[in-house]
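# Understanding the architecture of this molecule
Spelled out, the chains give:
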Amino acid sequence: MIHSHQIMKGAVLSAVVLLTACGGGSSGSSSGGGQGEAKQYDVEVRRSEHGIPHIKADNYASMGYGYGYVHAQDNICVLAEDLMTIRGERAQYLGRDGSYTIIPNGSTASNVDSDFFWRAVATDEAIAPIKANSDPEVVEATRGFVAGYNRYLRELKSGEHSGRHLACRDAAWLTEISVDDLYRRYFRLSILASSSVFVSEVANAAPPSPDNLPLPISIPAISALDPSEMPLAGEQPFASNMYALGAEASTDESMLLVNPHFPWEGTERLYLAHMQLPDAEIMGASLYGVPAALIGFNQHVAWSHTVSTAYRFTFYELTLNPADPTQYFYEGELRDMEASEITVPILEGDGTLGSETRTLYRSHFGPMLELAVSGVPVLEWSPAKAYTLRDANAENNRLINQFFRWNRAQSYEEFVDLHGSVLGVPWVNTTATGPGKPAYYGDITVVPNVPDSKVQSCGAQPLQTALGALLPGLPILDGSRAACEWDTDPDAPAPGIFGPANLPSLERNDWVHNCNDSYWLSNPAQPLTGFAAIIGDEGAERTLRTRLCMLQVQRRLEGSDALPGNRFTPDLLQTVALDSAVYSAELGRQAVLDSYCQLPTLLGSSGPVDISQACSVLSAWDGKNNLDSVGGHIWREFWRGVNASSIPAALRWTTPFSADDPVNTPRGLNVLNPDIARAFADAVQALQSAGVSETAAIRDIQRSGVHEQEIPIFGGESFAGSFTIAGSEGDLQDGAYDVTYGNSYVQTVTWDAEGTPKAEGFITYSQSTDPASPYYQNMTEAYSAKNWIKFPWTEAEIAEKTVEVLRLSE
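About the cut-offs
- Residues numbered from 1 in each chain as written.
- Predicted model: local features only at pLDDT ≥ 70, side-chain atom pairs only at ≥ 80, totals over all residues.
- Heavy atoms only, no water.
- Helix = DSSP H or I, 4+ residues; strand = E, 2+ residues; numbered from the N terminus.
- Rg over C-alpha atoms; globule rule 2.2 N^0.38 Å.
- Contact = heavy atoms within 4.5 Å.
- Buried < 20%, exposed > 50% of the residue type's maximum accessible area, 1.4 Å probe, protein only.
- Pairing = 2+ DSSP bridges.
- Salt bridge = Lys/Arg side-chain N within 4 Å of Asp/Glu carboxyl O.
- Phe/Tyr/Trp six-rings, centres within 6.5 Å; stacked < 30°, edge-to-face > 60°.
- Lys NZ or Arg CZ within 6 Å of the ring centre and 35° of its normal.
- 1 Å grid on protein atoms, 1.4 Å probe; cavity = no way out; pocket = protein on both sides within 12 Å on 5 of 7 lines; lining within 4 Å.
- Points joined across faces, edges and corners; volume = space filled by probe spheres on them.
- Nonpolar A, V, L, I, M, F, W, Y, C, P; charged D, E, K, R; others polar.
- Core = buried A, V, L, I, M, F, W, Y, C linked by side-chain atoms within 4.5 Å.
- Axes fitted to C-alpha atoms, helices over the stretch in contact; angles between N-to-C directions.
- Left-handed = near helix turned anticlockwise from the far one by under 90°.
- Arc of directions from axis to C-beta.
- Disulfide = S-S within 2.5 Å.
- Polar contact = N/O pair within 3.5 Å; in protein donor to acceptor, adjacent residues only side chain to side chain.
- Parallel < 35°, antiparallel > 145°, perpendicular 65-115°, else oblique.

## Let's talk about the overall build of the protein
A count of helical and extended segments in the protein gives 23 helices and 35 strands. The globule rule puts the C-alpha radius of gyration for 810 residues at 28 Å, and the 27 Å found for the protein is close to it. Overall, the protein is about 80 × 70 × 60 Å in size when its C-alpha atoms are taken along their principal axes. Contacts in the protein between residues at least 24 apart in sequence constitute 70% of all its contacts with a sequence separation of at least 6.

Laid out in structure tokens, this is it:
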């Protein structure tokens, strides 16, 4: 085994020395092997400024090896904890009292419940189809990643890399990983928007018994629930914006804006890498533990994703044998549920290792579950009925192939064809374009084949109606009839899902977008209609962020946005992307100034509130959340109150929503509504009570929530109609917004006259989670200053920006 750290010449030499002094260099040690030995892995990794690895290899195993090594170098603690979690070992190492949150989907479970869930769901049998169906490139890259990761781990455990990864380097749970661990990681990502939303609900599902008496289900109580409290509802840190711009929207070449809003913590952070192989070259970002570009670009094509509105699962209601609640009727005959006795080791408070055993059950559809929301039983296992989950992405053995094949696509046309022919994308919309190519949108994803007609004939009433009002489009079907099984389209690559002909897509020469509403208005000039409700809504009100998303393009093409010309250039696209405007303020600020601000005080929940200074600040505010903007926090807290209130949309606006003008309606803030007036007064009172100055600039009160050093962050919240997202977990009661999700991988891509990609952007929270790394916050500092980083693509660009070279072989 040979490991060399090459010091470059000239300017690069000083840069490498600086990085080493900051704790970011490699040990430079050699170990094992000899020059004459055959090598399983042989790879060169050049790090350019800001820590981007350019991984050059002759095969996928070596590419994976280099990727696994540098990814561990940057993020071993975060990835290792997640892999330990998916193995079902949290309680064994971290004890029974802790908990684990899957940040994007909002599921929080105790360590014990988490272990039971993953041991029940991510079994060897569950990942076997993914392994068996994986392309050779996937198999080799996965094997290489594991070997490279384990090599770095061994170096760390042997005392190398002094000062690095202090959070976990001595932890008992930091162990070598296996190929199966990485396939479990792929599986976990596949079910991120489905089964893993219900960790505790699956882990605690048990048949009724004298010691486990069921609670009665009340349809009126379920109907009275707040829809925002339901699973996958409300504002989750799991969103994105994206544009694809064709020739009619750009001054020169087609362009793409990449702008996912993912967590700044955990393994759903994104990692940027450039992979150079004999049959493919691709640069882009991936979620931790996946040695491929999930969002990427090359000389042929560029693409991005946003989270889709489609549901990836359905519930089934089972009718039980009154004498045995683990048997259910199917086509008039009784079927036994599959019982699994699972034992979880648990580290107790006194340091001893105990255990707990549960028996969890599955129907032929999937795992049994029990769901309660705000203390109200929704899906309860009673002597008569029980509920189970079928998850289309738990059956998706094409996920990882989809992205590896996209990474090797040799044209835009091949990319679009692969979208439908593989049909392995689990839960995201896609936009794409290429040099001289149109703008493409598709929600060609894995969706249960449940047309509206099946919901009508198979909906399990009365729950279907009650749940349908809270989670529109999500079916709960009769599990006793074969007719209620999912359909299969003739063009689908697997049973039970829609084929591409029944999924929405669009190609245009001007533009397409998605900002997390459904496919309906991917371009408002050409609405997409006629698709099943399980995929998304049509003819319904769009969010404020989606409306701004569309308006920014429309205004640019009209030349009405106060920017030069009436087309996009890369610079203008970047300006729009980070503009930090607040659309709710555009719709409502003047009405507030003309009404409430004509009064010295306004009645809040606790009495009169002096609003005079807040009004003076809002009058001068620029309507944005840039670092030097003053007043955005007042409006944000006001709109937080409006958004959290029970004010129906019809009473919030003076002009209601119209499907004939969906971009511009509803509008006209209804300042005569006393609840809206109270929300404004309460927001001002909250700021005063918290000691937050009404004249504070955003740079003084909004900062990265994942770095030790205070780094100011611009942007606002989606609920207020911000396009540029800086999300925090609460309000200003602690005196600052600590940003923990939002803009995560921001990138613009176009091509020059020779077809060479020109990409600039940021990993907003930077490449590494290790405070000792030189790549821990340098991209965040560039992002804070809006200093767009050029991503090196050509050999000359890479050579110019290289600060570190690793040559790894084994």
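## With respect to the pairing of strand β4 (residues 99-102)
Along any regular strand the residues' side chains alternate between the sheet's two faces. Going residue by residue along β4, you find Tyr-100 and Ile-102 tucked away on one face and Ser-99 and Thr-101 left uncovered on the opposite face. Bridge count between β4 and strand β5 (residues 107-110): four bridges; the pairing is antiparallel. Residue Thr-101 lies in a different strand from β5, and its bridge partner there is Thr-108. Counting the residues that bridge the hairpin from β4 to β5 gives four residues, and of these Gly-106 lies at a positive phi of roughly 80°.

## Some remarks on the pattern of salt bridges
For the structure shown, the criterion picks out 43 salt bridges. Arg-807 is the salt-bridge partner of Glu-44, the closest N and O atoms lying 2.6 Å from each other. Of this pair, Glu-44 sits in strand β2 (residues 42-48) while Arg-807 sits in strand β35 (residues 802-809), placing them 763 residues apart in sequence. The exposure class assigned to Glu-44 is buried, which follows from its relative accessible area of 18%. Where Lys-385 meets Glu-317, a salt bridge forms, and the shortest distance between an N and an O atom there is 3.8 Å. Of the two residues, Lys-385 sits in strand β19 (residues 385-391) while Glu-317 sits in strand β12 (residues 313-321), which places them 68 residues apart along the sequence. For Glu-317, a relative accessible area of 11% corresponds to the buried category. Linked by salt bridges that have partners in common, Glu-44, Arg-46, Lys-56, Glu-795 and Arg-807 make up one network.

## Let's talk about the packing of aromatic side chains
On inspection of all chains with the given rule, the structure shows 36 aromatic pairs. Measuring from centroid to centroid gives 5.3 Å for Tyr-69 and Tyr-152, while their planes differ by 90°, and the two rings are edge-to-face. One end of the pair, Tyr-69, is in helix α2 (residues 60-86); the other, Tyr-152, is in helix α6 (residues 136-157), with 83 residues separating them in the sequence. Here Tyr-69 and Tyr-152 have matching classes, each one buried. Ring plane angle 40° and centroid distance 5.6 Å describe the contact between Phe-297 and Trp-793, whose orientation is recorded as tilted. One end of the pair, Phe-297, is in strand β10 (residues 295-297); the other, Trp-793, is in the loop between β34 (789-790) and α23 (795-801), and 496 residues separate them in sequence. The structure contains a cluster of three or more aromatic residues connected by ring pairs, namely Tyr-596, Trp-621, Trp-635, Phe-638, Trp-639, Trp-653 and Phe-680. The ring of Trp-486 carries the charged tip of Arg-390 above its face, separated from the ring centre by 3.9 Å.

## Quick look at empty space enclosed by the protein
Considering all chains together, one arrives at six cavities of 30 Å³ or more under this definition. A volume near 250 Å³ is recorded for the largest cavity. The set of elements that each furnish at least two residues to the lining of the largest cavity consists of α7 (179-190), β7 (255-263), β11 (302-307) and α10 (399-407). For the lining of the largest cavity, a count of residues per class yields 16 nonpolar, three polar and no charged. In terms of lining residues, the second largest cavity is bounded by Tyr-60, Met-63, Met-275, Leu-277, Ala-280, Glu-281, Ile-282, Pro-291, Phe-404, Asn-407 and Arg-408.

## What about the nonpolar core?
General note: in soluble globular proteins, nonpolar side chains tend to be found buried as a group. With 196 residues, the main nonpolar core has Ile-76, Tyr-149 and Ile-535 as its most contacted residues. Looking at this core, the element that brings in the most residues is α2, giving 15 residues. With near-sequence residues (within four places) excluded, Ile-76 lies in contact with His-71, Tyr-149, Tyr-152, Leu-153, Leu-156, His-165, Cys-168 and Leu-174. Counting residues in hydrophobic clusters, the runner-up holds 61 residues, among them Leu-548, Ile-634, Val-671 and Ile-676.

## What to know about the packing of α6 against α7
Where α6 contacts α7, the axes come no closer than 9 Å and their chain directions differ by 115°. Our pair here, α6 against α7, has a crossing hand that is right-handed. Packed against α6, whose contacting residues are Val-138, Val-139, Thr-142, Arg-143, Phe-145 and Val-146, the element α7 presents Val-179, Leu-182, Tyr-183 and Tyr-186 at the interface. Residue composition of the contact of α6 with α7, by class: eight nonpolar, one polar and one charged.

## A look at helix α5 (residues 124-133)
Along α5, the residues that are buried comprise Ala-126, Ile-127 and Ile-130. Relative to the axis of α5, the buried residues are bounded by an arc of 75° and lie together on one face. Residues of α5 that are exposed and angled more than 90 degrees away from the buried face: Glu-125 and Ala-132. Among the structural elements, α4 (111-121), α7 and α10 are those in contact with the buried residues of α5.

## Some thoughts on the state of the cysteines
Considering all chains together, one arrives at four disulfides under this definition. Here Cys-458 connects covalently by a disulfide to Cys-484, the sulfurs 2.2 Å from one another. Taking the sign of the torsion about the S-S bond as the criterion, the disulfide between Cys-458 and Cys-484, at about -85°, is left-handed. Within this pair, whereas Cys-458 is found in helix α12 (residues 452-458), its partner Cys-484 is found in the loop between β22 (476-478) and β23 (505-508), the two being separated by 26 residues in sequence. With respect to class, Cys-458 is no different from Cys-484; both count as buried. Put simply, Cys-597 and Cys-615 are joined by a disulfide, and their sulfur atoms are 2.0 Å apart. Disulfide Cys-597-Cys-615: the torsion about the S-S bond is -80°, which places it as left-handed. With Cys-597 in the loop between α16 (583-594) and β25 (601-604) and Cys-615 in helix α17 (residues 612-620), this residue pair connects regions lying 18 residues apart in the sequence.

## Brief notes about the side chain of Thr-388
Residue position: Thr-388 is located in strand β19. Reaching out from Thr-388, the side chain makes a polar contact with the side chain of Ser-363 at a distance of 2.9 Å. Residue contacts for Thr-388: discarding those within four places in its chain leaves Thr-314, Phe-315, Tyr-316, Leu-318, Ser-363, Phe-365, Gly-366, Pro-367, Met-368 and Leu-369.

## Some details on the layout of surface pockets
The calculated volume of the second largest pocket comes to roughly 520 Å³. If you go around the second largest pocket, you meet 30 residues; those closest to its centre are Val-78, Glu-81, Glu-265, Gly-266 and Thr-769. Mapped by element, the contributors of at least two residues to the lining of the second largest pocket are α2 and β4. Top element by residues in the lining of the second largest pocket is α2. It accounts for five residues. Looking at the lining of the second largest pocket, its residues break down into 15 nonpolar, seven polar and eight charged.

## Observations regarding the packing of α6 against α10
It is at 9 Å that the axes of α6 and α10 come closest, and there the two elements cross at 95°. Our classification of the angle between α6 and α10 gives roughly perpendicular. Across from Glu-137, Val-138 and Ala-141 in α6, the residues of α10 making contact are Ile-400, Asn-401 and Phe-404. Of the residues belonging to the contact of α6 with α10, the class tally is four nonpolar, one polar and one charged.

## Observations concerning the environment of Ser-809
Of note, Ser-809 is situated in strand β35. The exposure class of Ser-809 is buried, given its relative accessible area of 5%. Each C-alpha atom, one on Ser-809 and one on Ala-147, is 11 Å from the other, the two residues being 662 residues apart in sequence.

Everything listed here is a matter of geometry and, on its own, says nothing about what the molecule does.
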